[in-house]
Amino acid sequence: MLGSDDKSLKKAGKALAAGKLVVIPTETVYGLGADAFNPLAVARVFEVKARPSFDPLIVHVASIDGVGRVAADFPRAARRLAEALWPGPLTMVLPKRAELPGIVTSGLDTVGIRFPAHPLARKIIEYSGSAVAAPSANPFGYISPTSARHVEKVLGGKVDFIVDGGPCAVGLESTVLDMTRDIPVLLRPGGMPLERIRDIVGEVLLCSGQNGAPAASPGQLKSHYAPRAPLYLYERGGLAEACARGARAGQAGASAFAAPGRRAAIAFDGGQGRALSATGFFERVVVLSERGDMVEAASRLFALLYELDAEDFDALYAERVQDQGLGRAINDRLYRASKK
Ligand code: TXA
Ligand code: MG
């Protein structure tokens, strides 16, 4: 475990340059970093995460100029987005430079690039003297870590260094945007709200992979970010309703409540939390944001999932949140966490 002092950051940068794996804090989630130009180090990232080889990694740079090292082209619209929204939780998919090893991009001729806002991440990348390939620092399919403690729990012993940069401010992964097409395509909703991207580039397509629409990122599998316990996801207002129905029917009326065991609920705000506690169905109710703030809710989601998983609940319950701003990313993660 390394701290945030300059000596530690230099050590982390040097370790990356020497082909080691270094977990770095970013404003979204912790990343499992390797020198993007070292195919052996990148191969270890796939191995440590048990990540399928078809799922490409994001490459992190420490300046807008750094894009030129990994991308073959930097279209005007992408440059405008970079100038307005970087550093920050936005990953842009651009044509890849031939010099970047194919293992990073799973053989694709495009590469996802991000300039993170976290000051420690930026320094470590600079000290590495290279670009840093880094997926989220979790075993494939599990919840992304938003603290060094989470990383230690799920990957401890398998990496060379973990740099502790405190809790991640955004708490959800970056928004991934395909900038290789005429109209940008949203591949993954994330920490940069779609509304802010549309303000700058206008139209953005949502991917569905159906009816000729562009498909999602190779890594956007249906089941992801999943805790061990099953998570039952309801429409807004649907969970409280299901509890009321379950109460009338003596629990067995609502199928998700029929199984015995310890139940926990994830409420969006304080009011919902109190209402769910009052049903008596849940041993524990956690609240994403007492005052109903979407940014705070996003930053706490993964940390609360880690917490509930550690307490060994048998079933988790949540409702979708409002589908705008960071709410899109929260709903996307809750949906995937609910799939097995
Ligand atoms: O916030 C983040 O993006 C974090 C931090 C560490 O930067 N990283 C992260 O990486 O979430 P990862 O590997 O867990 O997710 C990257 C996503 C995957 O769904 C992957 O399929 C997609 O980005 N992706 C990467 N390169 C791509 C490409 N060339 N084309 C399409 N999708 C790509
Ligand atoms: Mg991930």
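Just so it is clear, the structure is predicted and the values come from calculations on it, not from any experiment.

Caption draft 1: Structural context of the sheet that holds strand E12 (residues 263–267). Pairing within the open sheet is parallel, and its 4 strands lie in the order E11-E14-E12-E13. Both edges of this open sheet fall to strand E11 (231–234) and strand E13 (284–287), since each of them pairs with a single strand only. Each adjacent strand pair in this sheet contributes to an overall mean axis angle of 20°, direction not counted. One ladder, built from 4 bridges, connects E12 with strand E14 (residues 315–319); its direction is parallel. Looking at E14, one finds that Arg263 is bridged to Ala315. Relative to E13, helix H11 (residues 294–310) is tilted by about 160°, and along the sheet it contacts E11, E12, E13 and E14. Of the strands in this sheet, E11 and E14 touch helix H12 (residues 327–337), which is tilted by about 135° from E11.

Caption draft 2: Spotlight on the pattern of salt bridges. For the coordinates displayed, the defined rule picks out 17 salt bridges. Here Arg114 and Glu27 are joined by a salt bridge, their closest N and O atoms 2.8 Å apart. Of this pair, Arg114 sits in strand E5 (residues 110–114) while Glu27 sits in the loop between strand E1 (22–24) and strand E2 (31–35), placing them 87 residues apart in sequence. Neither residue differs from the other here; Arg114 and Glu27 are each classed as buried.

Quick notes on the rules
Residues numbered from 1 in each chain as written. Chains lettered and ligands numbered in written order. Predicted model: local features only at pLDDT ≥ 70, side-chain atom pairs only at ≥ 80, totals over all residues. Heavy atoms only, no water. Pairing = 2+ DSSP bridges. Helix = DSSP H or I, 4+ residues; strand = E, 2+ residues; numbered from the N terminus. Axes fitted to C-alpha atoms, helices over the stretch in contact; angles between N-to-C directions. Contact = heavy atoms within 4.5 Å. Salt bridge = Lys/Arg side-chain N within 4 Å of Asp/Glu carboxyl O. Buried < 20%, exposed > 50% of the residue type's maximum accessible area, 1.4 Å probe, protein only.

So yeah, pure geometry; function would need other evidence.
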